[in-house]
Every structure is written in structure tokens, then in C-alpha cells.
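Commentary on secondary and tertiary structure
For reference, the chains in residue letters:
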Amino acid sequence: TLFLVRRNGSGHVSVYADNFIKIGSKTNVAARAGATFAIQHIGGTEEGTIADFTGNIGELGVYDLDIGAANIEVLMKELCKKWGITRAS
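**What to know about the overall build of the protein chain**
- A tally of helices and strands in the protein chain yields two helices and three strands.
- When the helices and strands of the protein chain are listed from N to C terminus, the series reads β-β-β-α-α.
- Taken across its 89 residues, the protein chain has 20% of its residues classed as buried.
- Sequence separation of 24 or more characterises 46% of the internal contacts of the protein chain that already satisfy a separation of 6 or more.
- A total of about 6,800 Å² of accessible surface is found on the protein chain, and carbon and sulfur atoms cover 53% of it.

Given below as C-alpha cells:
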């Protein structure tokens, strides 16, 4: 599965999955203010609350600017092609 998190220039955060399927969005004061965008945990936590999630991360990309919705769609489609992900809905 491919996941992409985007925060645009106005602070709106969107989460997409395989082949540009939007699975969530949120706008809040901190995001609009340009607060630091941090990835807190990948995989299990010390507390064990999500320790059952295991597997491998094939690729992680971080862009320090908003590359735009059209470029994100192209990026996600190319990554899905690269990793053999065919789910489209």
C-alpha cells in the first residue's frame, strides 16, 4: 500500500492511498500557521499500542514544499507502477 500525506500552502492536510485515493483531510490552526510537520511513529510503539504492525518500508520521500495536486497524482501513479500496486478504488 502506498500512502502520501500532503500539506498545501494554506495548511490543509490531505492523506491519499494507492493511486491517488483520498482517505482523509484536515485543516487546523497549527497546520495553517506552518507548524513543523512531524512523523511521530512508523511501526510499533514502546507502549505496544500498535506493535502488531510489522513489515518493510520500501521507500520514503519527503518534500519540503508543496509540489501541487497534479504532481502528487503523477508521483503516486508512478510509485504504484514501480511497486506493483494496482488498487484503484
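**Digging into helix α2 (residues 69-83)**
- Taking 1.5 Å of rise per residue, 15 residues should cover 21 Å, and α2 covers 21 Å from first to last C-alpha, within 8% of that figure.
- For α2, the set of buried residues is Ile72, Met76, Leu79 and Cys80. One side of α2 carries all its buried residues, which in axial view fall inside an arc of 100°. Across α2 from its buried face, at more than 90 degrees, point the exposed residues Ala70, Lys81 and Lys82.
- Immediately downstream of α2, the backbone of glycine 84 shows phi near 75°, a positive value.

**With respect to a nonpolar patch on the surface**
- Residues Ile57, Leu60 and Val62 make up a contiguous nonpolar surface patch of about 350 Å² in total accessible area.
- Relative to the elements of secondary structure, valine 62 occurs in the loop between α1 (29-32) and α2.
- Residue valine 62 is classed as exposed on the basis of its relative accessible area, which comes to 68%.

**Side note on the environment of alanine 30**
- Following the sequence through the fold, alanine 30 ends up in helix α1.
- The class of alanine 30 is partly exposed, set by a relative accessible area of 43%.
- Sequence separation of alanine 30 and glycine 11 is 19 residues, and the distance between their C-alpha atoms is 8.0 Å.

**What to know about the pairing of strand β3 (residues 21-27)**
- As judged from the six bridges shared by strand β2 (residues 12-17) and β3, these two strands associate in the antiparallel manner. Note that in β3 the partner of serine 14 across the bridge is serine 25.
- The turn linking β2 back onto β3 is made up of three residues, and asparagine 19 within it adopts a positive phi angle of 50°.

**Considerations on unusual backbone geometry**
- Of note, asparagine 19 is a non-glycine position whose phi angle comes to about 50°, a positive value.
- Here asparagine 19 shows up in the loop between β2 and β3.

Rules of the game
- Residues numbered from 1 in each chain as written.
- Predicted model: local features only at pLDDT ≥ 70, side-chain atom pairs only at ≥ 80, totals over all residues.
- Heavy atoms only, no water.
- Helix = DSSP H or I, 4+ residues; strand = E, 2+ residues; numbered from the N terminus.
- Buried < 20%, exposed > 50% of the residue type's maximum accessible area, 1.4 Å probe, protein only.
- Contact = heavy atoms within 4.5 Å.
- Areas by Shrake-Rupley, 256 points an atom, 1.4 Å probe, with all protein chains shown as cover.
- Expected span 1.5 Å × (residues − 1).
- Arc of directions from axis to C-beta.
- Patch = residues over 30% accessible without salt bridge, like charges linked within 9 Å, V, L, I, M, F, W, Y side chains within 5 Å.
- Salt bridge = Lys/Arg side-chain N within 4 Å of Asp/Glu carboxyl O.
- Pairing = 2+ DSSP bridges.

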